[in-house]
Amino acid sequence: MLDTPTMTARFRLEGMTCASCVARAERVLKAVPGVETAVVNLSTETADVRFAAPATPVDLAAALAKAGYPAREAVLSLSVEGMTCAACTGRVERVLKAQAGVKDAVANLALRRATVTLWDGAAVDKGALIAAVGKAGYGAQVLEEAPPHDPEAEVRALARETAVAAVLTLPVFVAEMGGHLVPAFHHWLMGVAGAWLFPVQFALATLVLAFPGRRFFVKGIPALLRGGPDMNSLVAVGTGAAWVYSTVVTFAPWVLPAEARVVYFEAAAVIVVLILLGRTLEARARGRAGAAIARLVRLQPRVARLEGGEEVPVSALVPGMRVVIRPGERVPVDGRVVSGGSAVDEAMLTGEAVPVAKGVGDGVTGGTVNGTGGLVVEVGAVGAATVLARIVALVEEAQGTKLPVQEVVDRVTLWFVPVVMGIAALTVAVWLLAGGGVAQALVAGVSVLIIACPCAMGLATPVSILVGTGRAAELGVLFRKGEALQRLSGVRMVAFDKTGTLTEGHPVVTDVLGDVLGVAAAVEAGSEHPLAAAVLAEAAARGLVVERAEGFEAVPGYGARAVVGGVSVSVGSARMFAVLPAALGQAGERFAGEGKSLLYVGYGAEAAGLIAVADPVKQTTVRALAALRALGLEVAMITGDNAVTAQAIAGRIGIANLRAGVLPDGKGEEIKALGAGVAFVGDGINDAPALAAADVGLAMGTGTDVAIEAGDVVLMTGDPLGVANAVRISRAVMRNIRQNLAWAFGYNAALIPVAAGVLVPFGGPQLSPMLAAGAMGLSSVFVLTNALRLRLVKGERA
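About the thresholds
- For every chain, the first residue of the written sequence is number 1, and numbering continues from 1 along that sequence.
- Totals for whole chains, interfaces and linings use all residues, but because this is a predicted model, local features are given only for residues with pLDDT of at least 70 and pairs of side-chain atoms are given and counted only at 80 or more.
- The side-chain numbers reported here are obtained from all heavy atoms of the structure, hydrogens and water having been left aside.
- The salt bridge criterion pairs a side-chain nitrogen of Lys or Arg with a carboxyl oxygen of Asp or Glu, the two atoms within 4 Å.
- Buried means the residue's accessible area, taken with a 1.4 Å probe over protein chains only, is under 20% of the maximum for its type, while exposed means over 50%, and partly exposed covers the values in between.
- Only DSSP runs of H or I covering at least 4 residues are called helices, and only runs of E covering at least 2 are called strands; the numbering of each starts at the N terminus.
- UniProt positions are given in the numbering used here, feature names are shortened, and annotations may be inferred rather than shown by experiment.
- Note: two strands are recorded as paired if DSSP finds a minimum of 2 bridges between them.
- By nonpolar core is meant a set of buried Ala, Val, Leu, Ile, Met, Phe, Trp, Tyr and Cys residues that side-chain atoms within 4.5 Å join together.
- Two residues qualify as a contact provided that any one of their heavy atoms is within 4.5 Å of a heavy atom in the partner residue.
- Only residues whose relative accessible area exceeds 30% and that take part in no salt bridge are eligible for patches, with like-charged residues grouped when within 9 Å of each other and nonpolar side chains (Val, Leu, Ile, Met, Phe, Trp, Tyr) grouped when within 5 Å.
- All accessible-area figures derive from a Shrake-Rupley calculation using a 1.4 Å probe, and residue coverage is judged against the displayed protein chains alone.
- Geometry of aromatic contacts follows a simple scheme: Phe, Tyr and Trp rings, the Trp one being its six-membered ring, pair when their centres are within 6.5 Å, and the pair is stacked under 30 degrees between planes, edge-to-face over 60, tilted otherwise.
- Placement of a positive charge over a ring is assigned whenever Lys NZ or Arg CZ falls within 6 Å of the ring centre and within 35 degrees of the normal to the ring plane.

S.K.: Would you mind showing me how to read the pattern of salt bridges here?
M.R.: A side chain with one charge can pair with a side chain of the opposite charge if their charged atoms come near. Tallied over the full model, the rule gives 20 salt bridges. Lys97 is the partner of Asp104 in a salt bridge, and the nearest nitrogen-oxygen pair spans 3.7 Å. On the basis of relative accessible area, Asp104 is assigned to the partly exposed category, the value being 30%. Arg492 serves as the salt-bridge partner of Glu634, at 3.6 Å between the closest nitrogen and oxygen. Taken together, the positions of Glu634 in strand E25 (residues 634-638) and Arg492 in the loop between helix H18 (483-488) and strand E18 (493-496) put the pair 142 residues apart, joining distant regions of the chain. Given a relative accessible area of 31%, Arg492 falls into the partly exposed group. A cluster of three or more residues bridged by salt bridges with shared partners is formed by Glu14, Glu45 and Arg72.

Below, the structure written as structure tokens:
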């Protein structure tokens, strides 16, 4: 019996605080079957483990996490060249996962990228990962070190190769197919070319395979010899078989019976042309699919103008510098206005077309467009710390993830190419046994190989995610995790926090009875209560001159009083006053029933006026709830407000399912009580427990203060209409993925038997290799074109 190899692994741990933590972590590690030794170091917070099968690093990490000491992770992104189909992505993932220190690896065909999750602290050699990918037949570089991918250059190179192949193939195609279609042309050609006809076809077809078609052999044959055949292998074997057979007919015809002496040079050459054409169209469509991110990246200017007039690269800016932004220019970095005033178009950030007024003290975001005024901005964040950079990183992260539905595709494609090669071999054998002849058997086998390339399978899911998340970003919706796309499409209910989500999140004055606003503002100028800020803001908005108050005194539980213009003024609840006029009392009851807070204002012991303050419902809240109901979703509200206020708001906006008086820590339990399939929408800070407990957490962003880490989905604007947009995008993406997968699998299920010739005994057609190549290329183009329709998804606008 062979000895099981011993392996070592190092983990960096979280939650290590004392010697008992060390003992517990070592104990749980040693309890994993296969572990020989486990040494945990408190000072470095690391665990060094020596183990053998059946233990795996994933088992060890799971045991540590269960004990309360999760292993930290790090992420490395690799740029991978040479992946062409689902079999390629599967092979890249397998070789990366086999490397020491790797927890997981996800290869993305649409992005030509592999995301590797590492155990942080493990001795992982980036060079070893790159070498492993290279040994598998693909080129890899660390993404940050790789030259930026130029999709236009890729399209130009493929178009050039396609043109060369087409020019060389055209005489071969015309000579062969023209002779079949027009017998007179065949006789004329034989009279002119004679014995040179087949050798000339051989020369031209050989040039096609040796130069434009060389890529298929360089990649496909080594992959086949390694036991991991891919799309290139199918094309290489198919075209190679047609070329070898035709070469034997041309130069050693006596080897074959007379009836089998038919050349297929045109099939080999045309297959290369059609597949290259398909890849050209695919590359062009893939470039359009990633256009949303490219547009975001191009939004940030490369040059900024300092306050002294000097122009410097944006990369040279540091926090604290001041830049001048002229009318119509893009804001170069995140910062705060220190002088000037303007209206800034933040559509790239929020999806809203209405410019936002900016003055001294207001924040601005890099990439937004200044209006007609001039601004001087103090630099706050640069580089990767800017909102725009974080948006791009967030969308790219979501685009690189793998949805749960992709697991089915992975299991199928793992064996797909080897099975197809087996079917092709079986097809040839059956035709030979059935007496169909070598030529007919060859045609059937090559057709099976060519038509079954799993390109469409590999593109079906990632390209839909790529386009869908890009379109979502344009609508102000950011999916932090790709899985949220799938989960959100299946929710049955959306529960909302109230304050800052359905309402504006800050109190404003809604009603003033009596000429008391000015004196109330004078008193409240000395108060720090939120309602006081609302009174002062309303006074400023009306242009009132607020007198200076003297002798300010806060009366806990009642309100406040001060002397204004020599007269004692009280502001607070009704209990502050001995005399409350009936009209004010009745108005107060009505306002209270509407969920408003009341501030009575009076002189001495008698109330003379009333100010009603409320957190107003956002203008788009009712529309947003109606849009969600139109999508077939239930809506609910979970708030910490008292039942009277909450019920007043819920009744006004039409929410029947209400949970009031819930503390932040209790919101998670309320979400669980609502059952499965619930999404929660909150401000991303106070609502963190509920966001985590929900199937999908949607965090409301407020302007540029985006709570990116709070939820699975981030709504860049505070508009609740963004929730409907997120659901609509999610459903559209999943519907698109199902369409793509149905096409990819259905196409192969239907056409592989046709290519094998099962219809021939019944008088049906025999699919030629050329038609098979055309159909295979069109299948990928169909998937890409279908995914591009996601760019047309309409969003709700305020």
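Right, picking up where we left off after that structure.
S.K.: Looking at this model, I keep getting lost on the UniProt feature "domain: HMA" (unreviewed entry) in the chain. Mind explaining?
M.R.: Mapped onto this structure's residue numbering, the UniProt feature "domain: HMA" (unreviewed entry) falls at residues 7-72 and 74-141. Overall, residues 7-72 shows 35% helix and 29% strand. The separation of its end C-alpha atoms is 20 Å.

S.K.: Sorry, what's going on with the sheet that holds strand E15 (residues 369-370) here?
M.R.: Strand pairing within a sheet occurs via backbone hydrogen bonds; the two strands may be parallel or antiparallel. Ordered by their spatial adjacency, three strands build an open sheet running E13-E12-E15, and the pairing between neighbours is antiparallel. Strands at the two margins of the open sheet, each flanked by one partner only, are strand E13 (356-358) and E15. As paired elements, strand E12 (residues 342-345) and E13 share three bridges and run antiparallel to each other. What sits directly across from Ala343, in E13, is Ala357.

S.K.: What is the right way to read the UniProt feature "transmembrane region" (unreviewed entry) in the chain from this model?
M.R.: UniProt's feature table lists "transmembrane region" (unreviewed entry) at residues 163-182, 188-212, 233-256, 262-278, 412-433, 439-461, 741-764 and 770-788, given in the numbering used throughout. As annotated, residues 233-256 has a helix share of 79% and a strand share of 0%, and its two end C-alpha atoms lie 27 Å apart. Overall, residues 741-764 shows 67% helix and 0% strand. The separation of its end C-alpha atoms is 27 Å.

S.K.: Explanation requested: the sheet that holds strand E8 (residues 303-306) in the structure shown.
M.R.: The strand order E9-E8-E10-E16-E11-E14 describes an open sheet built from six strands, whose pairing is antiparallel. The open sheet has two edge strands, strand E9 (311-313) and strand E14 (363-364), and neither has a second partner. In this structure, E8 lies alongside strand E10 (residues 322-325), joined through two bridges in antiparallel fashion. The residue of E10 that forms the bridge with Arg305 is Val324.

S.K.: Is there a simple way to explain the nonpolar core in this structure?
M.R.: Note on soluble globular proteins: their nonpolar side chains tend to be buried together. Formed by 138 residues in total, the largest nonpolar core has its most connected members in Phe479 and Leu698. Among the elements that take part in this core, helix H26 (residues 721-756) stands out by supplying 16 residues, more than any other. With 25 residues, the next largest nonpolar core counts Phe11, Val35, Ala63 and Ala71 among its residues.

S.K.: Explanation requested: the side chain of Ser246 in the structure shown.
M.R.: Along the polypeptide, Ser246 turns up in helix H9 (residues 231-251). With a relative accessible area of 0%, Ser246 lands in the buried category. Not counting the four nearest positions on each side in its chain, Ser246 is found in contact with Val263, Tyr264 and Phe265.

S.K.: Explanation requested: a nonpolar patch on the surface in the structure shown.
M.R.: A grouping of Leu170, Phe173 and Val174 is seen on the molecular surface, where their side chains present a nonpolar patch of about 250 Å² in accessible area. Tracing the backbone shows Val174 in helix H5 (residues 151-181). We classify Val174 as partly exposed; its relative accessible area is 38%.

S.K.: What exactly am I supposed to notice about the packing of aromatic side chains here?
M.R.: Centre-to-centre distance and the angle between the planes together describe a pair of aromatic rings. As enumerated under the stated definition, the model contains five aromatic pairs in all. Counting every residue linked through ring pairs, the aromatic cluster contains Phe202, Trp243, Phe251 and Phe265. Taking NZ or CZ as reference, Arg575 lies 5.3 Å from the ring centre of Tyr558, over its face. A cation sits over an aromatic face here: Arg590 above Phe591, 4.8 Å from the ring centre.

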